[in-house]
Number of protein chains: 2
Amino acid sequence: MTNKIRIGIVGYGNLGRGVELALEQNEDFILEAIFTRRNPSNIDTDSYVVHIDEVLDYRNEIDVMILCGGSASDLPEQCPQIAANFNTVDSFDNHGKIPEYFNTIDRIAKESDTVSLFSIGWDPGLFSLNRLMAQCILPAGKTYTFWGKGVSQGHSDAIRRIDGVRDAIQYTIPLEEAIEDIRAGNNPDLQAEERHRRVCYVVPYDSKDMERIEEEIKSMPGYFLGYDTTVHFITQEELIDDHSNMFHGGFVIHTGRTAEEHNHRIEYGLTLDHNPQFTSSVLVAFARAAHRLSLEGQRGAFSIFDIPLAYLSPKSGDELRKTIL
Amino acid sequence: MTNKIRIGIVGYGNLGRGVELALEQNEDFILEAIFTRRNPSNIDTDSYVVHIDEVLDYRNEIDVMILCGGSASDLPEQCPQIAANFNTVDSFDNHGKIPEYFNTIDRIAKESDTVSLFSIGWDPGLFSLNRLMAQCILPAGKTYTFWGKGVSQGHSDAIRRIDGVRDAIQYTIPLEEAIEDIRAGNNPDLQAEERHRRVCYVVPYDSKDMERIEEEIKSMPGYFLGYDTTVHFITQEELIDDHSNMFHGGFVIHTGRTAEEHNHRIEYGLTLDHNPQFTSSVLVAFARAAHRLSLEGQRGAFSIFDIPLAYLSPKSGDELRKTIL
């Protein structure tokens, strides 16, 4: 018998691997199994790996399942299935579909007596929490979110879908002028394209297509149109050598006014060497909260807004008040 | 009948006045009364003012009392009395005495069926929450808190107690080199005196005492000894004209490592034009949470660690998920 929190990982990509590593930094957890759709014997890890089809055999062995699939197709399919039998934590990050996702998961978790923490990461997640707090504290104010410098998978994928493109990477970069304008308390009205610029590294199949590809990128509505966009053409080798990093980051800035024209600024920033490993670390801390909510008898879907944050810590309330408060 | 949250303010100094003003920015609140130890007719406000001795007459008129006294003597005396009859929110900021304060208030609130939110401000408060989250997410890391640039009342008071000092103001200022060292991910071991310097503006009664006063300031253990301390002697008029501002701020920086030597930095910063008015705005947002916890039937003392932060908002869960998450 162990008192450790027993964890299962569903999906073994960058995020799942990150969770496996983060669990080693927290001695109150034990990794019971990694669940995969692939052939378990093909997974390169020392952890115990099981095919996802056998997941129900582990109903009594696992306290919290950390779902490490993608938001586009994996999580909307997996989370309802897993949440019907296990407590879950996921980093669902499709902002527009959060209400629908919540409704499904909340219903299933309540029917199944489980706890599901969803959209747990940095945005949505930590950034959301900072937007919420800042807006509640300084309601006469304005919140700005900046992303980057870092790779946007969505924008990189959009470029890759263009005819003649072999591979591509797109960096989202905050505009320094916009940041300074906001920090100065000017409350500017800035859309996303006025706060960020986009830099693309593209590998063409044929160099004669470069002009057309650049044109197609820059005119793509919803992705690049309206943005200050730079396109560089490089070789596949250069892409692999120089653009395989996973750094990212960003910040939330809120400026607001209390009475008598006093201005205040709240700023939350992340500078991340490895985006998925950081998100994994967030997921692991919140797995502790999922377990605790479950032990309390709570049921349903919870976002970062709905959880007392003491639940992230292995320390007692007494210890937290004494050492951190 | 009103559905607004009915607020009482106890104490009408900078903080109480700030709460009065912040309530005007939030339409779901109504200020029922300000309670004071002074003669109510001497209080310069359009709000309804009552002597503190009559506070029990308002037991059924007020949902949450916002306690605006000082932490040194007012709150330890007032909070137990008020919490025995009302839900409360306060900004108790004597870090060393928090455990004792919590134990008293928690017992009284539980006996009295009330909710008491304590140590709600920016430090303790928002900074504490950021220390907690960062340490739980990146346990292989280190947290640094910086205060300033801003006036430290405790240090200003300590100077004023020196023989021959008529008045004084002390600014705490973060050391840029320390910040850069931390941001670079070097995890330096830095005590408070290695992260801040102190600048004092002192009005002497007699200029012949200046040398001795400066000597006494710089050698004061627990306050200035070990710090890079600068002392300027000025006139009372200069002190009033140039040093009556109330700006403050500071930040919490956490740097931590996930696997494979990837470094990450989490930074939370505040830049405040008016320290008490900002703290007042925090208190008001948390008064909403106190009311909601009370309606839920919760009882006892709660810190910022113990409250789902959705409770700070007048918006519904659906709205929050749709617009902020």
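Residues numbered from 1 in each chain as written. Chains lettered and ligands numbered in written order. Predicted model: local features only at pLDDT ≥ 70, side-chain atom pairs only at ≥ 80, totals over all residues. Heavy atoms only, no water.

## Things to note about the overall build of chain A
1) Next: Helices and strands together make up the secondary structure of chain A, namely 11 helices and 14 strands.
2) Next: In terms of C-alpha radius of gyration, chain A reaches 22 Å, essentially the compact-globule figure of 20 Å for 325 residues.
3) Next: Principal-axis analysis of the C-alpha atoms places the extent of chain A at approximately 65 × 60 × 35 Å.
4) Next: Roughly 13,900 Å² of accessible area belongs to chain A as shown, and the carbon and sulfur atoms make up 44% of that amount. (Helix = DSSP H or I, 4+ residues; strand = E, 2+ residues; numbered from the N terminus. Rg over C-alpha atoms; globule rule 2.2 N^0.38 Å. Areas by Shrake-Rupley, 256 points an atom, 1.4 Å probe, with all protein chains shown as cover.)

## A short note on the side chain of Arg198(A)
Residue and element names in this part refer to chain A.
1) Next: Among the structural elements, Arg-198 can be located in strand S10 (residues 196–204).
2) Next: Glu-193 provides the closest opposite charge to the buried, unpaired Arg-198, separated from it by 7.8 Å.
3) Next: For Arg-198, the side chain forms a polar contact with the side chain of Tyr-227, separated by 3.4 Å.
4) Next: Ignoring any residue separated from it by four or fewer positions in sequence, one finds Arg-198 in contact with His-155, Gln-170, Tyr-171, Thr-172, Tyr-223, Phe-224, Tyr-227, Asp-228, Thr-229 and Thr-230. (Buried < 20%, exposed > 50% of the residue type's maximum accessible area, 1.4 Å probe, protein only. Lys, Arg positive; Asp, Glu negative; His and termini not counted. Salt bridge = Lys/Arg side-chain N within 4 Å of Asp/Glu carboxyl O. Polar contact = N/O pair within 3.5 Å; in protein donor to acceptor, adjacent residues only side chain to side chain. Contact = heavy atoms within 4.5 Å.)

## Brief notes about the packing of aromatic side chains
What characterises a pair of aromatic rings is the spacing of the ring centres plus the angle enclosed by the ring planes.
1) Next: Under the counting rule described, the total for this entry stands at 19 aromatic pairs over all chains.
2) Next: Between Phe127(A) and Tyr268(A), the ring centres sit 6.1 Å apart and the planes meet at 85°, which makes this aromatic pair edge-to-face. Of this pair, Phe127(A) sits in helix H4 (residues 126–137) while Tyr268(A) is found in strand S13 (residues 262–272), placing the two residues 141 residues apart along the sequence.
3) Next: When the centroid spacing of 6.0 Å and the interplanar angle of 10° are considered together, the rings of Tyr171(A) and Phe247(A) count as stacked. With a gap of 76 residues between them, Tyr171(A) in strand S9 (residues 165–174) and Phe247(A) in the loop between helix H9 (236–242) and strand S12 (248–258) connect regions that are remote in the sequence.
4) Next: Taken together through their ring pairs, the aromatic side chains of Trp122(A), Phe127(A), Tyr268(A), Trp122(B), Phe127(B) and Tyr268(B) make up a single cluster.
5) Next: Here the basic side chain of Arg321(A) rests over the ring of Phe102(B), its NZ or CZ set 3.4 Å away from the ring centre. (Phe/Tyr/Trp six-rings, centres within 6.5 Å; stacked < 30°, edge-to-face > 60°. Lys NZ or Arg CZ within 6 Å of the ring centre and 35° of its normal.)

## Observations concerning the interface of chain A and chain B
1) Next: Taken together, the 63 residues of chain A in the interface contact 63 residues of chain B.
2) Next: Summing both sides of the interface, chain A and chain B together bury roughly 5,600 Å²; the carbon and sulfur share of this comes to 63%.
3) Next: Looking at the side of chain A facing chain B, the largest losses of area belong to Ile137(A), Arg321(A) and Leu325(A), adding up to 14% of the total buried there.
4) Next: For the pair chain A and chain B, the interface holds 0 salt bridges. (Buried area = accessible area lost by both parts, 1.4 Å probe.)

## Details of the relation of the copies chain A and chain B
1) Next: Turning chain A through 180° and shifting it by 0.0 Å along the axis lays it on chain B, with an RMSD of 0.0 Å. Accordingly, the operation relating the two chain copies is best matched by a two-fold axis.
2) Next: When you check the interface residues of chain A against chain B, 100% turn up at the interface there too, and the contact is symmetric in its surfaces. (Least-squares fit on C-alpha atoms with pLDDT ≥ 70 in both.)

## Quick notes on the side chain of Arg288(B)
Residues and elements named next belong to chain B.
1) Next: Mapped onto the fold, Arg-288 is located in helix H10 (residues 275–296).
2) Next: Only 3.1 Å separates the side chain of Arg-288 from the side chain of Asn-26, close enough to count as a polar contact.
3) Next: Setting aside its immediate chain neighbours within four residues, Arg-288 contacts Ile-5, Asn-26, Asp-28, Phe-29, Tyr-311, Leu-312, Ser-313 and Pro-314.

## Describing the sheet that holds strand S14 (residues 300–302) of chain A
Residue and element names in this part refer to chain A.
1) Next: With respect to topology, 7 strands assemble into an open sheet ordered S3-S2-S1-S4-S5-S6-S14, the strand pairing being parallel. Two strands bound the open sheet, and with one partner strand each, they are strand S3 (49–51) and S14. Along the sheet, successive strands turn relative to each other by an average axial angle of 25°, direction set aside.
2) Next: Relative to strand S4 (residues 64–67), strand S1 (residues 5–10) runs parallel, the two sharing 4 bridges. Paired with Ile-7 across the strands is Val-64, a residue of S4. (Pairing = 2+ DSSP bridges. Axes fitted to C-alpha atoms, helices over the stretch in contact; angles between N-to-C directions.)

## A closer look at the pattern of salt bridges
Residues and elements named next belong to chain A.
1) Next: This structure, assessed with the given rule, holds 40 salt bridges over all chains.
2) Next: A salt bridge links Asp-74 to Arg-37; the shortest N-O distance between them is 3.2 Å. Taken as a pair, Asp-74 in helix H2 (residues 74–83) and Arg-37 in the loop between strand S2 (29–36) and S3 lie far apart in primary sequence, 37 residues in all.
3) Next: The class of Arg-37 is exposed, set by a relative accessible area of 56%.

## Overview of the nonpolar core
1) Next: Leu117(A) and Leu117(B) are the most contacted members of the largest nonpolar core, which totals 156 residues.
2) Next: The contacts of Leu117(A), once residues within four sequence positions are left out, are Thr88(A), Val89(A), Asp90(A), Phe286(A), Ala289(A), Ala290(A), Leu293(A), Phe302(A) and Ile307(A). (Core = buried A, V, L, I, M, F, W, Y, C linked by side-chain atoms within 4.5 Å.)

## Remarks on the pairing of strand S4 (residues 64–67) of chain B
Residue and element names in this part refer to chain B.
1) Next: Of the two faces of S4, the one carrying Val-64 and Ile-66 and the one carrying Met-65 and Leu-67 are both buried.
2) Next: By the bridge criterion, 4 bridges tie S4 to strand S5 (residues 87–90) in an arrangement that is parallel. Within the sheet, the bridge partner assigned to Val-64 lies in S5 and is Asn-87.
3) Next: Considered for its hand, the β-α-β crossover made up of S4, helix H2 (residues 74–83) and S5 is right-handed. (Right-handed = clockwise from strand over helix to strand, strands pointing away.)

## A short note on the domain arrangement of chain A
1) Next: One can read the domain layout of chain A as domain 1 (5–121 + 276–323) and domain 2 (141–257).
2) Next: The distance between the C-alpha centroids of domain 1 of chain A and domain 2 of chain A comes to 31 Å. (Domains from an automatic or database assignment.)

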